[in-house]
Every structure is written in C-alpha cells, then in structure tokens.
Amino acid sequence: LQNPYKLLGVEYGNCTDEEITKNFKKIMLRLHPDKQPPNQSLEEAEAVSRKFHDVMDARRFLLDGEHVAARRAYDSQLAQEKPDPLAKLASLIPPKQQQ
C-alpha cells in the first residue's frame with residue numbers, strides 16, 4: 001500500500017475524516033471505470049483500475065474501524081520520520097559566542 005494520505009490528497013496530521021471522505025469521493029468519480037473514455041488503451045485502463053483500487057484501499061485503511069491499530073502504528077511511524085521544523089531553524093541560528 002502506498003502512502004494513503006498522499007493517495008487521497010490529504011496532509012498527514014492535518015486532515016479530518018470528512019476531508020478524507022470528500023477527497024475520496026472526488027477521486028473515485030474521476031477514476032470510476034464508467035467515467036473512462038471508450039478509446040482508452042488497455043495499459044491506461046489497467047493503470048486507472050489499479051489506482052482506483054489503491055484509493056479504495058487507502059480510504060479503507062484510514063477510516064475503517066478494523067484498521068485502527070494499524071493506522072495508529074503507521075501514523076506513529078510517519079511522525080518519527082517527519083523532520084522537526086524547529087531543528088532546521090535551530091541550525092540556521094549561529095552559535096552563541098563566548099565572551
């Protein structure tokens with residue numbers, strides 16, 4: 001599973017369940033097989049189908065109750081990987097010179 005937040009176009013840590021659902025619906029309308037052009041190549045149709053299913057899986061992972069523990073573990077992992085914005089700022093401040 002790819003990053004479910006990116007697949008759904010929401011920002012980790014700053015999104016509500018309503019935002020996830022809203023983006024999910026917009027994406028699904030765009031990717032739905034009935035909305036695809038009839039002259040689409042087989043490769044394009046397969047790629048759209050994979051994306052369609054990936055987005056469904058991402059929504060299920062983030063919002064379904066049976067995945068609560070897995071989502072918490074995933075969110076915890078993302079939080080550890082996310083750089084601390086103050087650390088970058090601190091590196092820009094010159095060290096205090098001793099007198």
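Residues numbered from 1 in each chain as written. Predicted model: local features only at pLDDT ≥ 70, side-chain atom pairs only at ≥ 80, totals over all residues. Heavy atoms only, no water.

Undergrad: What am I meant to see in the packing of helix α3 (residues 42-63) against helix α4 (residues 68-81) here?
TA: Working note: a packed helix pair is described by the angle between its axes plus the distance between those axes. Interaxial distance between α3 and α4 falls to 7 Å at its minimum, and their mutual angle equals 95°. Here α3 lies roughly perpendicular to α4, going by the angle between them. From α3, Phe 61, Leu 62 and Leu 63 reach across to α4, where they touch Ala 70, Arg 71 and Tyr 74. (Axes fitted to C-alpha atoms, helices over the stretch in contact; angles between N-to-C directions. Helix = DSSP H or I, 4+ residues; strand = E, 2+ residues; numbered from the N terminus. Parallel < 35°, antiparallel > 145°, perpendicular 65-115°, else oblique. Contact = heavy atoms within 4.5 Å.)

Undergrad: Just to check I follow, could you spell out the environment of Ile 27 for this structure?
TA: Positionally, Ile 27 belongs in helix α2 (residues 17-31). Ile 27 gets classed as buried once you look at its relative accessible area, which sits at 9%. For Ile 27 and Gly 9, which are 18 residues apart along the polypeptide, the C-alpha to C-alpha distance reads 9.0 Å. Non-local contacts of Ile 27, meaning those with residues more than four positions away in its chain, are made with Leu 7, Leu 8 and Val 55. (Buried < 20%, exposed > 50% of the residue type's maximum accessible area, 1.4 Å probe, protein only.)

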